[in-house]
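# Secondary and tertiary structure notes
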Amino acid sequence: MASATATAVPSSVLKQPVKVACVQLTPGADKAANLDYAASRVAAAAKSGSRIIILPECFNSPLGCKYFAQYAETLRPFPPSREQSPSFHALSAMAADNKVYLVGGSIPEADPDSGKYFNTSLIFGPDGKLLDNFRKIHLFDVDIPGKVTFRESEVLSAGNRIALVSFPEYGTIAVAICYDIRFPELATIAARKGAFALIYPSAFTLTTGAIHWQLLGRARAIDNQIYVAMCSPARDLSAPFHAWGHSMIIDPMAKVLVEADEKDTIIETELDGDSIIEARRNIPLYAQRRFDVYPDVSQGKIRFDETCP
């Protein structure tokens, strides 16, 4: 039987080469100090030529559910005042001062209307304007006996929309957070909607990081034949949460282009559209999918429209 093709192969989803950086750092208890240090590292990445810069999950606060309420900021009414959200204004300034696209890792967000807390990523353009935001969709409720127990749902609420963000010079990226990487539907939808990269600010544990961190990143890349960037906090064994580290950027053939160790560092590499086109030409998944046998998840009811502020 001939295969049924529902999605054409994009001619080029990345308009021109772009240098991307993951800033791996360790947040401490002092939010102002965290923001200042993040600003210095974003400036360093921009100085070396990166035009898309990514910060880690919970870059402005210690990691752990017990810290969310203490460090949470409100984004409404929008735009928030500096008192409401110092992190919003710091991220906006980082993007504008360095003329870069900035995926601002994630911050704890408090919704003043519902009283709920969210794990929220803010994405800014080179003019410092907010382009989009994303509330973590899948909450990390995991119990591996004798190794790790974590229940984000005891504190956090889940988001309900997918973030596809347009960078006019380059194309579209998708942003999700940490545990979201384990749900391939998000990545599949983003790729079929034209994203050239999946961006995951993440903080894996030592247990899950050792066995699944690289595997999941490479799987999402090869499944969708696009780039994947995973940005982790650095590891601090004196902190309450021990992050895996190992931020990495992966190409459309699942090759790890650059990988950090567990320490404070910046990793950078250039992405180019030809690598996406070549991967899709050499292994033509787009032309071989059987939507006569199974559905195309990107054609279902998908929420893109609601924004946090």
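The residue count restarts for each chain, going from 1 along the sequence in the order it is written. For this predicted model, a pLDDT threshold of at least 70 governs which residues receive local features, and a threshold of 80 or more governs which side-chain atom pairs are given and counted, while totals over whole chains, interfaces and linings are taken from all residues. The basis for every side-chain value is the complete set of heavy atoms in the structure, and neither hydrogens nor water enter the calculation.

### Quick look at the overall build of the protein
We count it as follows: Helix and strand assignments follow DSSP, with helices taken as H or I runs no shorter than four residues and strands as E runs no shorter than two, numbered in order from the N terminus. Each radius of gyration is computed over the set of C-alpha atoms, and the globule rule expresses the reference value as 2.2 Å times the number of residues to the power 0.38. Buried, partly exposed and exposed residues are distinguished by accessible area as a fraction of the type maximum, computed with a 1.4 Å probe on protein chains only: under 20%, between the cut-offs, and over 50%, respectively. Any two residues having at least one pair of non-hydrogen atoms within 4.5 Å are treated as being in contact. Per-residue and other accessible areas were derived by the Shrake-Rupley procedure at a 1.4 Å probe size, with only the shown protein chains allowed to occlude residues. His is not counted, nor are the chain ends, whereas Lys and Arg count as positive and Asp and Glu as negative. A charged residue contributes its charge at one atom only: NZ of Lys, CZ of Arg, CG of Asp or CD of Glu.
Along the backbone of the protein there are seven helices and 15 strands. In terms of overall size, the protein behaves like a compact globule, its C-alpha atoms giving a radius of gyration of 19 Å where 309 residues would be expected to give roughly 19 Å. With the C-alpha coordinates of the protein rotated into their principal frame, the extents come out at 60 × 45 × 40 Å. Counting across all 309 residues of the protein, residues that qualify as buried make up 55%. A separation of at least 24 residues holds for 70% of the contacts in the protein among residues at least 6 apart in sequence. Of the roughly 12,700 Å² that the protein leaves accessible, carbon and sulfur atoms contribute 52%. Seen as two clouds, the 31 positive and the 34 negative side-chain charges of the protein have centres 3 Å apart.

### Thoughts on helix 4 (residues 184–192)
Burial runs high along helix 4: seven of the nine residues are buried. Of the residues making up helix 4, those classed as buried are Leu-186, Ala-187, Thr-188, Ile-189, Ala-190, Ala-191 and Arg-192. Taken together, the buried residues of helix 4 touch strand 9 (163–167), strand 10 (171–175), strand 11 (195–201), helix 5 (206–224), helix 6 (273–282) and helix 7 (285–288). Remark: Gly-194 follows helix 4 within two positions and exhibits a positive phi of approximately 100 degrees.

### Re the pairing of strand 5 (residues 117–124)
We apply this condition: For two strands to be treated as a pair, DSSP must find no fewer than two bridges joining them.
Within strand 5, seven of the eight residues are buried, which leaves it mostly tucked inside the rest of the structure. Here strand 3 (residues 101–103) pairs with strand 5 via two bridges, running antiparallel. Residue pairing for strand 5: Val-103 is matched across the bridge by Ile-123. In this structure, the hairpin formed by strand 4 (residues 107–110) and strand 5 is closed by a connection of six residues, where Gly-115 is found at a positive phi of approximately 75 degrees. Relative to strand 6 (residues 130–135), strand 5 runs antiparallel, the two being bridged by five bridges.

### Side note on the nonpolar core
The cut-off we apply is this: Here, nonpolar core refers to any group of buried Ala, Val, Leu, Ile, Met, Phe, Trp, Tyr and Cys residues whose side-chain atoms link them within 4.5 Å.
Leu-198, Tyr-200, Phe-204, Val-228 and Met-230 are the most contacted members of the largest nonpolar core, which has 29 residues in total. Those elements that provide at least two residues to this core are helix 4, strand 11, helix 5, strand 12 (227–231) and strand 13 (248–250). When residues in this core are grouped by element, the largest group, five residues, is from helix 4. Ignoring anything within four residues of it in the chain, the contact list for Tyr-200 reads Ala-176, Ile-177, Asp-180, Ile-181, Ala-187, Arg-220, Val-228, Ala-229, Met-230 and Cys-231. One finds Ile-54, Ile-123, Ala-197 and Ile-199 within the second-largest nonpolar core, a separate group that totals 27 residues.

### A few points about the side chain of Lys-31
What counts is decided by this rule: Polar contacts, as used here, are pairs of N or O atoms within 3.5 Å; protein pairs need one atom able to donate a hydrogen and one able to accept it. Residues neighboring in sequence count only if both atoms are side-chain atoms.
Relative to the helices and strands, Lys-31 is located in helix 1 (residues 31–47). Separated by 2.9 Å, the side chain of Lys-31 and the backbone oxygen of Tyr-71 make a polar contact. Residues contacting Lys-31, with those up to four places away along its chain left out, are Asn-60, Tyr-71, Glu-73, Pro-86 and Ser-87.

### Here we look at the packing of aromatic side chains
Where we set the bar: Only Phe, Tyr and Trp rings are paired, with Trp represented by its six-membered ring, and only when their centres lie within 6.5 Å; those with planes under 30 degrees apart are stacked, over 60 edge-to-face, the remainder tilted. Placement of a charge over a ring requires the Lys NZ or Arg CZ to be within 6 Å of the ring centre, with the centre-to-atom vector within 35 degrees of the ring normal.
As enumerated under the stated definition, the model contains nine aromatic pairs in all. Between the aromatic rings of Phe-78 and Phe-88, the centroid separation amounts to 5.7 Å while the plane-to-plane angle is 85 degrees, which identifies the pairing as edge-to-face. Of the two residues, Phe-78 sits in the loop between helix 2 (68–71) and helix 3 (86–98) while Phe-88 sits in helix 3, which places them ten residues apart along the sequence. A residue is classified by how much of its surface remains accessible, and Phe-88, at 7% relative accessible area, is buried. Judged by centre distance (4.9 Å) and plane angle (75 degrees), the rings of Phe-204 and Trp-213 are edge-to-face. You'll find Phe-204 and Trp-213 in the same group, each marked buried. Taking NZ or CZ as reference, Arg-135 lies 3.8 Å from the ring centre of Phe-118, over its face.

### A few points about the environment of Ala-72
In this structure, Ala-72 sits in the loop between helix 2 and helix 3. Residues Ala-72 and Ala-254, spaced 182 residues apart in sequence, show a C-alpha to C-alpha distance of 36 Å. Setting aside its immediate chain neighbours within four residues, Ala-72 contacts Pro-108, Glu-109, Ala-110 and Tyr-117.

### Section: the pattern of salt bridges
For clarity, the cut-off: Salt bridge, as used here, is a side-chain nitrogen of Lys or Arg placed within 4 Å of a carboxyl oxygen of Asp or Glu.
Evaluation of the coordinates by the stated rule reveals 14 salt bridges. Connected through salt bridges with shared partners, the residues Arg-76, Glu-109, Asp-111, Asp-113 and Arg-135 form a single ionic network.

### Section: the packing of helix 1 against helix 3
Selection rule: What counts as an axis is a line fitted to C-alpha atoms, over the stretch in contact for a helix, and the angles between N-to-C directions run from 0 to 180 degrees. Roughly parallel here means an angle under 35 degrees, roughly antiparallel means over 145, roughly perpendicular means 65 to 115, and every remaining angle is called oblique. Crossing handedness is read from the near helix: turned anticlockwise from the far helix by less than a right angle, it gives a left-handed crossing, and turned clockwise, a right-handed one.
Here helix 1 crosses helix 3 at 15 degrees, and the two axes come no closer than 10 Å. Classified by the angle their axes make, helix 1 and helix 3 are roughly parallel. Pair helix 1 / helix 3 crosses with right-handed handedness. Listed contacts from helix 3 to Lys-31, Leu-35, Ala-38, Ala-39, Val-42, Ala-43 and Ala-46 of helix 1 are Pro-86, Ser-87, Ala-90, Met-94 and Asn-98.

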